[in-house]
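Observations on the three-dimensional arrangement
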Amino acid sequence: MKKLIVLFLYYSLFISCNNSENVTPAVKVKSLTSHVNTFIGTGGHGHTYPGATLPFGMVQLSPDTRLDGWDGCSGYHYSDDFIYGFSHTHLSGTGVSDYGDVLLMPTNEMIFNNGADGNKGYGSKFSHDKEEASPGFYKVHLDDNDIDVELTVTKRAGMHQYNYPSAENQWLILDLEHRDKLLDSKIIAQPSNILRGYRHSKAWAEDQRLFFDIEFSHHYEPANLLVDSTNKPVKAAIKFINPTNEPVFAKVGISAVDAEGAKKNREQEIGSKTFTQLKTEANEIWEQQLSKIVIESNNEDYITNFYTALYHTMLAPNVYQDVDGRYRGMDLNIHETQEFDYYTVFSLWDTYRAAHPLYTIIEQDRTTDFINTMLAKYDEGGILPIWDLSANYTGCMIGYHGAPVVADAYLKGIGGFDAEKALEAMKYSATRNHLGLRSYKRKGFIPVEEESESVSKTLEYAYDDWTIAQMAKKMGNTSDYQTYSKRAQYYKNLFNPETNFFQGRLNNTWFGPFDPFEVNFNYTEANAWQYSLYVPQDISGLITLMGGRDNFKAHLDQLFSAKTETSGRNQADITGLIGQYAHGNEPSHHMAYLYNFVNHPQRTQELTHQILTELYTNAPNGISGNEDCGQMSAWFVFSSLGFYPVTPGSNQYIIGAPLFPKATINLENGKQFTVVAKNSSNNNKYIASASLNGKPLSRTFLKHDEIINGGTLVFNMNHSPSDWGKKDSEIPSTEIKDHPILTPPHIEKGNIAFKNETEVTLKNAPDNGTVYYSLDLGKFKEYTGPVKISESTSLKTYSQKGELKSSVLTTRFNKIDWNLSIVLETPFANEYSAGGAHALIDGVRGTKDFRTGAWQGYWGKDVVATINRSSPKLVKEISINFLEDQGSWIFFPTEVQVYVAGADKKFRLSRQRKIEASEKNDKPNLKKMTFSINKPNIQYIKIVAKNFGKLPEWHLGYGGDAWIFVDEIELR
């Protein structure tokens, strides 16, 4: 048997407190930082960076090898072999690019070109063979310049060390134009070993303001500045005076406030310290930080995967406050506080699921600061952050997931913030009229036609509302508890019992034709499979909707065994597939644990072990999707310990299967919680029995207090499944019992756009009471059978059962010219059907948001549509609407042709018009093209819209096919 590798710090003795099983003190064998591979996630789609930073620090000093593109979000990709320089801010694992501020690059000559165009530049080739990194440190050899570069950091400052090949031509380039769009800049050389200034830029953050102050160890000759067309300095080239060829050091402070703040950060945090001192201090800080969880294992790769994952959970959020307490708020004004540390980079759609729950265990003090930061942002910007970046609301992702972060902490007893104000802020976020909330509040769901990603938003709003309800309940606020308990059940309004999936409601019909594998605009970075089990707040209710535990388990089985292909639009985030479970994206992260809720914990144990060992590896592409500011890694940390927070706010952690023979969590209260897995191995992945503090544990979940109070959890592992955790009394549950709701009926049959008449059939959910309807503001009557509609009208419907009444829904039916028909010679994309074959003549017009379902989409093809008027008539003019949204690959057609024909179907070209579709536009645009015809005896009109073709070189999707989005065709 191999000897266990025991990882402990010299200052730590891990003797379990308040437990019945002693934990043997251990001697330090190896530093924890030596088990962090900062290159994990820098390949594939992990989007991490390898450079130097401190836990939750402001500075991320790292090499930049890539200027743009989705896999260049962090500025570095392992497949590259060219370095542009070393900048001081980077994002870890995001899906959108920003940062890369204040790039420095040592070189051998004065040259301002970066080399991206293939010509000679200040950039340099490098090899991974001459590159190394560890927490707080990075080193590389620049092959073209024969220069060694080393980097280390403090929380708000960075330090560079350059070893030039000779005393001659020791140049350094400062590039403020690097990467994103530069809005304003300044470079001041004062005195001859100082550079300071600022860069204001626009990328994901619309208005990012960053100031810098750099002190060099050597004086330099007068600086050479490159200015832009407005005479702003954008680059500087300096030549060091270093006749004895000593190492050159650069001490760089940054600030979002002003250059003086950057100077204070540099002076206070670096001062006169040497590079070696800073490197040692950075390593010690990380050593202490990583010691919050200490593991034992005989598998080196598992150890590395764990400590790298723990490291990645500590890279964001980032402190955004200078040493003097000043920071730039969400109003872009300067504020100051000494009461808490102020942060930015809250990737909440990702991190509320596991990263923030992890912080409630190992970062309780910092969690208080996070929440006080969110409340400050509420004061400054009017709303809790959703995805904030450098004092900017990015408008990225969905939900108001600051609410579960606050509620989860409060319900776990973490204080130090104003709970009344927090509840007020949470409710404020939940009661706006943007992002579909107006419809959500009024109808109990978001209709497809009113907001994109309507299903995902409805489901995630419902969960957020549940966390508001739970916090209100604990605070004794019965009114809010009732309101948000009802809203927490709105997920039911989008559940289609015929398909067993959550589907969009389009004009109160189920969006279709329905394909659960299809990635479309009803879901956020996912398809129906990947949102089919997103009801963490009411898993019992979802089980009931699906017809009971057997049906629920069957759905889980199908999810994990389904084909791995998706249909519809390409979505790069859908990775790490096991069936349709997509571990590379967050909506799936809780699903493997749901088997515990239906008496099959052995399947959870199998799946979590599979994910831990197959989808996380000790390699650059060792993360199956974007790291997402710690969420992917937090899943690994939790799951390798043997439990996971399926429902943040419930104070329950659902048990999976531990990966390590032993793990100890060192809590801030001085206690320890130890997990022991006896006989653990890759084959022994099943739990035979368990005990907590010496007493048998049969349930498949832990409580938060059981961890925080310290103790020992022991699992006895076996190679085959057991009966452990299968009894009804042993399984977890989340359930909404108070304040039930009724779901409104839906239109099962009937055409929203019809010619003569349409027969409308309404259907109600089982046990959902009586359906009532009215036509054109008439009185409501009980629905007893199909309703015939022969004129344009509005149909209102609702359900009632006793005192419970659903929301009232209104559907507009449009009667179209019965003589008019359309034949589409080009098939449209199913996910952009706009309602079907007659959508282009149904009287419903699309808006600038292509995802609301009113536009018909065609990918990589010309659009050919022929209108038949049933008999020859005069045509005065014809108009067609097109959409341009280049960021979504939607381009105007390059040419539109109109052909006309009489009853003989002999088409002749009547009108044509070219469009300059290649002009770059950042925002969506509508174009209504009207053609004057003025010809009698026209029965057939053929529209041909020429597709743009391959996307242009400047586009992110260069070389791919463009979409055409077309809407209403109107005749006069």
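Residues numbered from 1 in each chain as written. Predicted model: local features only at pLDDT ≥ 70, side-chain atom pairs only at ≥ 80, totals over all residues. Heavy atoms only, no water.

**What to know about the environment of leucine 104**
Tracing the backbone shows leucine 104 in strand E6 (residues 103–107). Residues leucine 104 and aspartate 71, 33 residues apart in the sequence, show an inter-C-alpha distance of 22 Å. For leucine 104, the contacting residues outside a window of four places in its chain are Gly85, Phe86, His88, His160, Tyr162, Leu172, Ile173, Leu174, Ile214, Ala250 and Val252. (Helix = DSSP H or I, 4+ residues; strand = E, 2+ residues; numbered from the N terminus. Contact = heavy atoms within 4.5 Å.)

**Structural notes on the confidence of the model for the protein chain**
Scored by pLDDT, the protein chain has a mean of 93; 97% of the residues are at 70 or more. Low pLDDT, under 50, characterises residues 1–28; the predicted model gives this stretch 75 contacts beyond four residues in sequence or across chains. (pLDDT = per-residue confidence, 0-100.)

**Describing the packing of helix H14 (residues 601–614) against helix H15 (residues 631–641)**
To characterise two packed helices, one gives the angle between the axes of the helices and the distance between these axes. Between H14 and H15, whose axes approach to 10 Å, the crossing angle comes to 130°. The pairing of H14 with H15 is recorded here as oblique in orientation. Both H14 and H15 take part in a crossing whose hand is left-handed. Note on element contacts: H15 touches H14 through Trp635, Phe636, Ser639 and Ser640, opposite Thr608, Ile611 and Leu612. Class assignment of the residues belonging to the contact of H14 with H15 gives a composition of four nonpolar, three polar and no charged. (Axes fitted to C-alpha atoms, helices over the stretch in contact; angles between N-to-C directions. Parallel < 35°, antiparallel > 145°, perpendicular 65-115°, else oblique. Left-handed = near helix turned anticlockwise from the far one by under 90°. Nonpolar A, V, L, I, M, F, W, Y, C, P; charged D, E, K, R; others polar.)

**A word on the pairing of strand E51 (residues 809–815)**
Every regular strand shows the same layout, with side chains that alternate between the two sheet faces. Two strands pair when backbone bridges link them, and strand E44 (residues 753–754) and E51 are joined in this way by two bridges, in the parallel orientation. Residue phenylalanine 754 lies in a different strand from E51, and its bridge partner there is lysine 815. Taken together, the five bridges between strand E49 (residues 793–801) and E51 define a ladder with antiparallel strand orientation. Considered in E51, the bridge of threonine 797 is made with leucine 809. (Pairing = 2+ DSSP bridges.)

**Concerning the packing of helix H7 (residues 402–411) against helix H10 (residues 454–474)**
The interhelical angle for the contact between H7 and H10, taken along N-to-C directions, is 35°, at an axis separation of 9 Å. Considering how the two elements wind past one another, H7 and H10 form a crossing that is left-handed. For the pair formed by H7 and H10, the contact residues are Ala403, Pro404, Val406, Ala407, Tyr410 and Leu411 on the first element and Tyr463, Asp464, Thr467, Ile468, Gln470, Met471 and Lys474 on the second. Its residues placed into classes, the contact of H7 with H10 shows nine nonpolar, two polar and two charged.

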